[in-house]
Amino acid sequence: MTITINHYLIVSLLLFGIGFFGVLVRRNVLTVLMSIELMLNAVNLNLVAFSRRLSDLTGQVFSVFVITIAAGEAAIGLALTISLFRQKRTLNVEEADTMRG
Amino acid sequence: MAEGALLTGTSGVLFTIFAVLALAMAVAVVVAKNPVHSALYLLVSFLLVACIFILQQAEFVGAVQILVYAGGIMVLFLFVVMLVNPRTAATKTFQHQWDVALLLFPVFLIPFAYILWTEKLPDVPVNAAALVTVRGKLAGNTEAVSWVLFRDYLVPFEVASIFLLVAMIGAVVLGKRSLEKMD
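Rules used throughout
Residues numbered from 1 in each chain as written. Chains lettered and ligands numbered in written order. Predicted model: local features only at pLDDT ≥ 70, side-chain atom pairs only at ≥ 80, totals over all residues. Heavy atoms only, no water. Core = buried A, V, L, I, M, F, W, Y, C linked by side-chain atoms within 4.5 Å. Buried < 20%, exposed > 50% of the residue type's maximum accessible area, 1.4 Å probe, protein only. Helix = DSSP H or I, 4+ residues; strand = E, 2+ residues; numbered from the N terminus. Phe/Tyr/Trp six-rings, centres within 6.5 Å; stacked < 30°, edge-to-face > 60°. Contact = heavy atoms within 4.5 Å. Buried area = accessible area lost by both parts, 1.4 Å probe. Salt bridge = Lys/Arg side-chain N within 4 Å of Asp/Glu carboxyl O. Polar contact = N/O pair within 3.5 Å; in protein donor to acceptor, adjacent residues only side chain to side chain. Nonpolar A, V, L, I, M, F, W, Y, C, P; charged D, E, K, R; others polar.

Caption draft 1: How the structure looks around the nonpolar core. By size, the foremost hydrophobic cluster in this structure holds 52 residues, and its most contacted members are A:Tyr8, A:Leu30, B:Phe15 and B:Phe77. For this core, the secondary structure elements donating two or more residues are helix 1 (5-25), helix 2 (29-53) and helix 3 (58-88) of chain A together with strand 1 (5-7), helix 1 (9-31), helix 2 (35-55) and helix 3 (59-83) of chain B.

Now the structure itself:
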């Protein structure tokens, strides 16, 4: 079974799409954050696949940076989640509407 | 190895298995009602993606994926699930945005499909040895990655460290302020 870059791109697209769906349709803040992590992971998959396809290590270096950003984003996002929970007693994104957004 | 093929034979079959399982776990993350279940499915999905990385000889990224995602971020998620009361979770799992999601998905899919079928990549042969050599000598993938990281991307590396410092201070300040509000 031969795997080319297109297979990687399709897997990555589906993973990104699932994460995108999760961000749009879920109400729970925690699940929305997890969906964002899925999207970042899909991007990593692409970067590493192209790194191998083009025989260039830059893609792998950038995927390490993406993982760094994901870690920071998770830390801030979860701190905001705790802050929201302490103030509103809820995890529902639709109830955090003080600014009527 | 055929021109442009990244994985052949058994590795290809393994890639297919890992990819299908990872996608199934990702779907489970989005549809699971309980955030704890979501977090555990997400953990399995990360581990499967790490397997894919290791399969294509990106061992360093695979190890970092396991250490940072599975070891760090997932523990953080589970701590927060533990801190907030799961009984207050929304009774309805999904919000009413299916229409928006279903509208945006084709908008997002069509350009991708167009690029996938029309774009021709530069037809360079896959040279797996380039990913594990440093200055013509055979080294590990970790050494090769670190060579590129510290030689070509030193400034972004330092910026990333400052970013992590800012994120850490921000998380501490946000958590502390909400504690003070409680008293």
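Caption draft 2: Spatial organisation of the packing of aromatic side chains. Under the counting rule described, the total for this entry stands at five aromatic pairs over all chains. Judged by centre distance (4.2 Å) and plane angle (35°), the rings of B:Phe46 and B:Tyr69 are tilted. Remark: B:Tyr69 occurs in helix 3 and B:Phe46 occurs in helix 2; sequence separation between them is 23 residues. Each of the two residues, B:Phe46 as well as B:Tyr69, counts as buried. Taken together, a centroid distance of 5.0 Å and an interplanar angle of 75° make the contact between B:Phe150 and B:Phe157 edge-to-face. Using a relative accessible area of 30% as the deciding quantity, one classes B:Phe157 as partly exposed. A connected cluster of aromatic rings, assembled from ring pairs, spans A:Phe62, A:Phe65 and B:Tyr153.

Caption draft 3: Just the interface of chain A and chain B, in detail. The interface of chain A with chain B comprises 77 residues on the first partner and 95 residues on the second. Approximately 7800 Å² of surface area, both sides summed, lies buried where chain A meets chain B, with 76% of it carried by carbon and sulfur atoms. At the boundary of chain A and chain B, one finds zero salt bridges. The tally of links from chain A across to chain B stands at six residue pairs in polar contact (both at pLDDT 80 or more). Looking at the side of chain A that touches chain B, the element that brings in the most residues is helix 3 of chain A, giving 26 residues. For the side of chain A that touches chain B, the residue count by class is 45 nonpolar, 22 polar and 10 charged.

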